[in-house]
Amino acid sequence: MLTIICETPGVLRAETRSRPPRDRGEVLLRVRRVGVCGTDLHIFTGNQPFLAYPRVMGHELSGTVEEADTDSGLDAGDPVYVMPYLSCGQCIACRNGKTNCCVNIQVLGVHRDGALTEYLSLPRQFVHKAEGITLDQAAMIEFLAIGAHAVRRADVQAGQRVLVVGAGPIGMAAMIFSRLRGATVTALDTRLDRLNFCAEKIEVAATVQIGDTDVDELAKLTDGEFFDVVFDATGNPAAMERGFEFIAHGGKYVLISVVRDKITFSDPEFHKREATLIGSRNATAEDFETVLRAMRAGQVPDAALNTHRMKLADVPAEFSKLLEPSAGVVKAIVEC
Ligand SMILES: [Zn+2]
Ligand SMILES: [Zn+2]
């Protein structure tokens, strides 16, 4: 089977591998679509910490069942999506239902070989039926679920004012699910093209470009009160620190981003607001189902989000083009 390997940073190579064996309790999948994520771009550029090369990238995937146990509830040909965070089921997080932050987490395409290939064998519990949606949509559930998870963590309420800092795919996901809860959403980013996309396709209430007057604009949008919930999806430590300024008194700050640096903040500023600081990592089955329901209801602009596509065999030649800001990539999908 055709497999695309990231040999070292900057080097992608096509290789023929044998089909993986399927053990009892596992599902053999024919991979159909793989979404390209910021994580994959970091692996390719060599900016993903603690990653061992060579690695087969890809954790946002959909496929069809090739073979499964007869008592698995899955039949050959069933369209499925995958929860790519393989959790242990034993640790303190798993015992509390927080499989998204499992102590022993193994993420497909990061800790172990992922989906840029034709067949994958995975434990049954991470494979879910994708009924009522297309294979393209099913491959987009994962990054949207990360946003849905953050919105659930923040318990966003109708009528609240929400600020999302960072208008990449994850930030857009937080905007979409905040809006679906009835919040008034503002997007903040450096890139005007991304902000325009959020205004047109996600229909956020307001957009503000990062610059000299951004705080004034954010103050004006909220009568000087700022935001009930601020989400950070920038991956930028300076932006993460600055976000503390945008929290309303009594508000919440949700860090979806992860960086390798320390983040500091002014305790008096934090304390006077009685702010709540929340980390948000990955997503759980509940969040995947939230996305699935929203997609079925036609509430997710997934076709607009999918800006680029390529065939599996073309990945070595075309992948680096996705790094160009001028390409306007939101979500690229690889067809396997
Ligand atoms: Zn991803
Ligand atoms: Zn665990």
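Definitions and limits used
Residues numbered from 1 in each chain as written. Chains lettered and ligands numbered in written order. Predicted model: local features only at pLDDT ≥ 70, side-chain atom pairs only at ≥ 80, totals over all residues. Heavy atoms only, no water. Core = buried A, V, L, I, M, F, W, Y, C linked by side-chain atoms within 4.5 Å. Buried < 20%, exposed > 50% of the residue type's maximum accessible area, 1.4 Å probe, protein only. Helix = DSSP H or I, 4+ residues; strand = E, 2+ residues; numbered from the N terminus. Domains from an automatic or database assignment. Contact = heavy atoms within 4.5 Å. Pairing = 2+ DSSP bridges. Axes fitted to C-alpha atoms, helices over the stretch in contact; angles between N-to-C directions.

Under an unreviewed UniProt entry, the name given to the protein chain is 2-desacetyl-2-hydroxyethyl bacteriochlorophyllide A dehydrogenase, and the organism recorded is Paraburkholderia tuberum.

A look at the nonpolar core
Of all hydrophobic cores here, the largest spans 95 residues; its most connected members are Leu144, Phe231 and Leu305. With nine residues, the top contributor of residues to this core is helix H4 (residues 141–154). Looking at which domains feed residues into this core, each of domain 1 (2–139 + 301–335) and domain 2 (147–279) gives three or more. Among residues more than four places away in sequence, those in contact with Leu144 are Ala173, Ile176, Phe177, Val291, Met295, Val300 and Leu305. Counting residues in hydrophobic clusters, the runner-up holds 18 residues, among them Val230, Phe246, Tyr253 and Ala275.

Remarks on the sheet that holds strand E10 (residues 161–165)
The six strands lie next to each other as E12-E11-E10-E13-E14-E15, forming an open sheet whose pairing is parallel. Only two strands of the sheet have a single partner each, and these edge strands are strand E12 (206–209) and strand E15 (276–279). Taking each pair of neighbouring strands and ignoring which way they run, the sheet shows an average axis angle of 20°. As defined by bridge partners, strand E14 (residues 247–255) adjoins E15 across four bridges and the pair is classed as parallel. Along E15, the bridge assignment pairs Val254 with Ile278. Relative to the sheet, H4 contacts strand E13 (227–232), E14 and E15, its axis offset from that of E13 by approximately 145°. Against the sheet, helix H6 (residues 192–202) contacts strand E11 (184–189) and E12, and its axis sits at roughly 175° relative to E12.

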